[in-house]
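Here is how the chains run, residue by residue.
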Amino acid sequence: ETGVTQTPRHLVMGMTNKKSLKCEQHLGHNAMYWYKQSAKKPLELMFVYSLEERVENNSVPSRFSPECPNSSHLFLHLHTLQPEDSALYLCASSQDGAAGNTIYFGEGSWLTVV
Amino acid sequence: RKEVEQDPGPFNVPEGATVAFNCTYSNSASQSFFWYRQDCRKEPKLLMSVYSSGNEDGRFTAQLNRASQYISLLIRDSKLSDSATYLCVVISPTSGTYKYIFGTGTRLKVLA
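Residues numbered from 1 in each chain as written. Chains lettered and ligands numbered in written order. Predicted model: local features only at pLDDT ≥ 70, side-chain atom pairs only at ≥ 80, totals over all residues. Heavy atoms only, no water.

1. Quick look at the state of the cysteines
Then, number 1: Within the structure shown, the criterion is met by two disulfides over all chains.
Then, number 2: There is a disulfide in this structure between A:Cys23 and A:Cys91, and the S-S distance comes to 1.9 Å. Here the disulfide of A:Cys23 and A:Cys91 is left-handed, its torsion about the S-S bond being about -75°. On the criterion of sequence distance, the pair formed by A:Cys23 in strand β3 (residues 18–25) and A:Cys91 in strand β9 (residues 87–94) is long-range, its members being 68 residues apart.
Then, number 3: Since its relative accessible area comes to 0%, A:Cys23 is described here as buried.
Then, number 4: For B:Cys23, the disulfide goes to B:Cys88, at an S-S distance of 1.9 Å. With the S-S dihedral at roughly -65°, the linkage between B:Cys23 and B:Cys88 falls on the left-handed side. With B:Cys23 in strand β3 (residues 19–25) and B:Cys88 in strand β9 (residues 84–94), this pair connects stretches of sequence that are 65 residues apart.
Then, number 5: For B:Cys23, a relative accessible area of 1% translates into the label buried. (Disulfide = S-S within 2.5 Å. Helix = DSSP H or I, 4+ residues; strand = E, 2+ residues; numbered from the N terminus. Buried < 20%, exposed > 50% of the residue type's maximum accessible area, 1.4 Å probe, protein only.)

This is the structure:
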């Protein structure tokens, strides 16, 4: 059971394809995140949305495009990706605005770019 | 200097052993601290929060030392199922809000 659900769980796409990752949180949180985790590497923060506004973008290439239509949903639109973009993409949510609030992760979307 | 630093390990210990990990943080204004566990090819999951007075949850004990700016995790009577990567997470204030800073993780292997 998880309060953060991600779809699809696995995705294989060609370098010219356009696809999207979807995340939904059922925890009533007001902040959502995309993280990337490549094989045997630490988490890399990609995007942060707080109250549906993007508050942080860690110099992510434009081939990754986030969208946050409301506080419960977050998308990551993908196009013209490179093989090195193959990784686990994790969505997370938290209640922003106060320290001490834990961050919860979805199970992740495994992306393979061929 | 990284904001949060952990020894990547791996720590290879026999079943039943006691093992401890440390995590140092650079921002003295950091306010909250956590340990997360990440199994291979899975998402990170909260293991426990770390309180100023130290706290215990079964075989796990977490400590915070604000003066030296580190937190620790002690695992007693290690089980095979404790094999995982343990991530230190620090919440630090920034630009009127807070950000979660993850360590790179310490890998633990408990051996039969």
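Still more to cover.
2. Description of the layout of surface pockets
Then, number 1: When its volume is computed, the largest pocket comes out at roughly 730 Å³.
Then, number 2: Together, 28 residues line the largest pocket, and A:Gln37, A:Ala39, A:Lys40, A:Lys41 and B:Thr85 are the ones closest to its centre.
Then, number 3: When contributions to the lining of the largest pocket are tallied by element, the ones reaching two or more residues are β9 of chain A together with β9 and β11 (106–111) of chain B.
Then, number 4: Taken together, 27 residues make up the lining of the second largest pocket; nearest its centre are A:Leu45, A:Glu56, B:Lys99, B:Tyr100 and B:Ile101.
Then, number 5: Sorting the residues of the lining of the second largest pocket by element identifies β4 (31–37), β5 (44–50) and β6 (53–57) of chain A together with β10 (97–102) of chain B as the ones contributing at least two each.
Then, number 6: A per-class count over the lining of the second largest pocket returns 14 nonpolar, seven polar and six charged. (1 Å grid on protein atoms, 1.4 Å probe; cavity = no way out; pocket = protein on both sides within 12 Å on 5 of 7 lines; lining within 4 Å. Points joined across faces, edges and corners; volume = space filled by probe spheres on them. Nonpolar A, V, L, I, M, F, W, Y, C, P; charged D, E, K, R; others polar.)

3. Considerations on the packing of aromatic side chains
Then, number 1: For the coordinates displayed, the defined rule picks out twelve aromatic pairs over all chains.
Then, number 2: Consider the rings of B:Phe34 and B:Tyr36, whose centres lie 6.5 Å apart with planes at 75°: the pair is edge-to-face.
Then, number 3: Overall, B:Tyr36 belongs to the buried group, its relative accessible area being 1%.
Then, number 4: An aromatic cluster is built from A:Tyr33, A:Tyr35, A:Phe105, B:Phe34, B:Tyr36, B:Tyr100 and B:Phe102, whose rings are joined through pairwise contacts. (Phe/Tyr/Trp six-rings, centres within 6.5 Å; stacked < 30°, edge-to-face > 60°.)

4. With respect to the pattern of salt bridges
Residue and element names in this part refer to chain B.
Then, number 1: Summed over the entire model, instances satisfying the criterion amount to seven salt bridges over all chains.
Then, number 2: For Arg-37, the salt bridge is made with Asp-39, and the minimal N-O distance between the two is 2.8 Å.
Then, number 3: Its relative accessible area of 29% is what places Asp-39 among the partly exposed residues.
Then, number 4: The salt bridge involving Asp-82 is made with Arg-59; its shortest N-O contact spans 2.8 Å. In this pair, Asp-82 sits in the loop between β8 (70–75) and β9 while Arg-59 sits in the loop between β6 (55–57) and β7 (60–65), placing the two residues 23 residues apart along the sequence.
Then, number 5: On the accessibility criterion, Asp-82 (2% relative accessible area) is buried.
Then, number 6: On the basis of relative accessibility, which here comes to 22%, the residue Arg-59 falls in the partly exposed class. (Salt bridge = Lys/Arg side-chain N within 4 Å of Asp/Glu carboxyl O.)

5. Digging into the interface of chain B and chain A
Then, number 1: Across the boundary between the two partners, chain B contributes 18 residues, which contact 20 residues of chain A.
Then, number 2: When the buried area of chain B at its contact with chain A is split by residue, B:Arg41, B:Glu43 and B:Tyr100 rank highest and sum to 35% of it.
Then, number 3: Along the contact surface separating chain B from chain A lie zero salt bridges.
Then, number 4: At the boundary of chain B and chain A, one finds four residue pairs in polar contact (both at pLDDT 80 or more).
Then, number 5: Those elements that provide at least two residues to the side of chain B that touches chain A are β4 (32–38), β5 (45–50), β9 and β10 of chain B. (Contact = heavy atoms within 4.5 Å. Buried area = accessible area lost by both parts, 1.4 Å probe. Polar contact = N/O pair within 3.5 Å; in protein donor to acceptor, adjacent residues only side chain to side chain.)

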